[in-house]
Each structure stands twice: as structure tokens, then as C-alpha cells.
Amino acid sequence: DVKVTQSSRYLVKRTGEKVFLECVQDMDHENMFWYRQDPGLGLRLIYFSYDVKMKEKGDIPEGYSVSREKKERFSLILESASTNQTSMYLCASKPGGYRTQNIQYFGAGTRLSVL
Amino acid sequence: DQQVKQNSPSLSVQEGRISILNCDYTNSMFDYFLWYKKYPAEGPTFLISISSIKDKNEDGRFTVFLNKSAKHLSLHIVPSQPGDSAVYFCAASALGNQFYFGTGTSLTVIP
């Protein structure tokens, strides 16, 4: 079974803090993704990565950055947390290339509250 | 602009009956479609998918239908069970990597 592990299930941070969300996958997947989920808005893509040290902006990258130094790990960084970044953050991974079974596998999510 | 839309935020169905969840998309380049199921405080889990070369795919109680001309797909669950109560997201992709998700439909199956 594919396992995508997010380091924290719940986080509470203060406005202005730098926040790191960590994600590790164990299936040697090339692609990794960070989403946020908000009520009525579904899943919105923040950043994704095709390979080590590669990153691409998603639909809502403002206020976020990412790091992928190793293939199995993809980190989301909130440079200066704000209250509008309170959300559920979901990490996902997927094999690279275009294949018949084109499936993203998700972690359990991190519920971040910024006070 | 939302490229994948789920216009029904919620749906209630009696146990044993059919649940039909709908999804519309705008991008004619989408060639692969998926449904994910999400329980509270958990990540989405893959349920079923369909390629644009097909119009139907079945997996047990779950069937996905694709109508390319209408840019519409639907998920049928028959028979519905209380354990199916969850939020269902449809997603679409064009040539692989980035997925576009709908806003989700919360299904409640009433015992």
C-alpha cells in the first residue's frame, strides 16, 4: 500500500510565525502535491513538484513556498503565517508520466489554525 | 475559474437506494476523471476512475458514467450503505499530472 505521511495532524500557530508542514511518501513517486481544503472551495492546488529540486506553482501559491531536497519528502512553508491560512492542508503523491492508473494518493491532512 | 464543478453541496439517500452524484467540467482537454471519497479528519481516498475513451466504468457497487459531449460525469452507488456517508470529490486531468478538483458533495445515507 502507498503511504503518504504528514508530520502533524493538528497545528496551532501565531500570526507571523514561519510554519513548516512536512510530507513523506514511501512509493518512490516522482510527483508530489500540496493542496488546501476549505468549505465550499474544494481542494485547491498550492504547489507541486515533478522531481527533486523541481517545483511548479499551482492555483494559489501566494504566501507559500515549498522545498523538495529528497524524492520522498515535500515540505510546505508558510513564510509568515496569517489567519487566512487557517485550513486543512493535504499532501499527495503520484507516479511520474502519463499512465493508465493516474491516481494521486493523499496523506491524512494537517489541520492548521493560525491565531 | 472553476474547471470542475459539483453543483450539489449535499445529498441524502435512504439505505439500499441509489445515490447519484454529478460533476460537470469545462475543459475539453481533460482525458481522465476520478472520484475520491473523504471522511472527516482523513485524506481523500481514491474510489474509481474513467478514461475519456470509455463512457462507463464499474467497480462493485460503484459505477462512473462519462458523457463527453455534455462534459458531464456521474457516480452511481447501488445499493447505498450508511458507510458510504462521506464527502465525494470528482477530479479531472489533462495528459497526466495536475488534477482539478470539484468542491465536493456531502452524501448522507440514512439507515
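Before reading further, recall that the structure is shown in the block above.
Residues numbered from 1 in each chain as written. Chains lettered and ligands numbered in written order. Predicted model: local features only at pLDDT ≥ 70, side-chain atom pairs only at ≥ 80, totals over all residues. Heavy atoms only, no water.

## Here we look at the nonpolar core
For step 1, the next point in the chain: Grouped together as the largest cluster of nonpolar side chains are 23 residues, with contacts concentrated most on B:Phe33, B:Trp35, B:Leu73, B:Leu75 and B:Tyr88.
For step 2, the next point in the chain: Among the secondary structure elements, those contributing two or more residues to this core are strand 3 (19-25), strand 4 (32-38), strand 5 (45-51), strand 7 (62-67), strand 8 (72-77), strand 9 (86-93) and strand 11 (105-110) of chain B.
For step 3, the next point in the chain: Residue contributions to this core peak at 4 residues, all from strand 9 of chain B.
For step 4, the next point in the chain: Excluding residues within four positions of it along the chain, B:Tyr88 makes contact with B:Gln6, B:Leu21, B:Trp35, B:Tyr36, B:Lys37, B:Leu47, B:Leu75, B:Ile77, B:Gly104, B:Thr105 and B:Leu107.
For step 5, the next point in the chain: Ranked by size, the runner-up nonpolar core spans 20 residues in total, among them A:Val4, A:Tyr47, A:Leu78 and A:Leu112. (Core = buried A, V, L, I, M, F, W, Y, C linked by side-chain atoms within 4.5 Å. Buried < 20%, exposed > 50% of the residue type's maximum accessible area, 1.4 Å probe, protein only. Helix = DSSP H or I, 4+ residues; strand = E, 2+ residues; numbered from the N terminus. Contact = heavy atoms within 4.5 Å.)

## So, the interface of chain A and chain B
For step 1, the next point in the chain: With 27 residues of chain A in contact, the opposing surface of chain B contributes 21 residues.
For step 2, the next point in the chain: For the pair chain A and chain B, the two sides together bury roughly 1,900 Å², of which 56% comes from carbon and sulfur.
For step 3, the next point in the chain: Linking chain A with chain B are 0 salt bridges, by the criterion used here.
For step 4, the next point in the chain: For the side of chain A that touches chain B, the secondary-structure elements that each account for two or more residues are strand 4 (31-38), strand 5 (42-49) and strand 9 (87-94) of chain A.
For step 5, the next point in the chain: In terms of residue class, the side of chain A that touches chain B is made up of 14 nonpolar, 10 polar and 3 charged. (Buried area = accessible area lost by both parts, 1.4 Å probe. Salt bridge = Lys/Arg side-chain N within 4 Å of Asp/Glu carboxyl O. Nonpolar A, V, L, I, M, F, W, Y, C, P; charged D, E, K, R; others polar.)

## Regarding the side chain of A:His29
All names here are of chain A.
For step 1, the next point in the chain: Structurally, His29 is set in the loop between strand 3 (19-25) and strand 4.
For step 2, the next point in the chain: His29 sits in the buried class, given a relative accessible area of 5%.
For step 3, the next point in the chain: One polar contact links the side chain of His29 to the main-chain amide nitrogen of Lys94, over a distance of 3.4 Å. (Polar contact = N/O pair within 3.5 Å; in protein donor to acceptor, adjacent residues only side chain to side chain.)

Function cannot be inferred from these measures alone, as they are strictly geometric.
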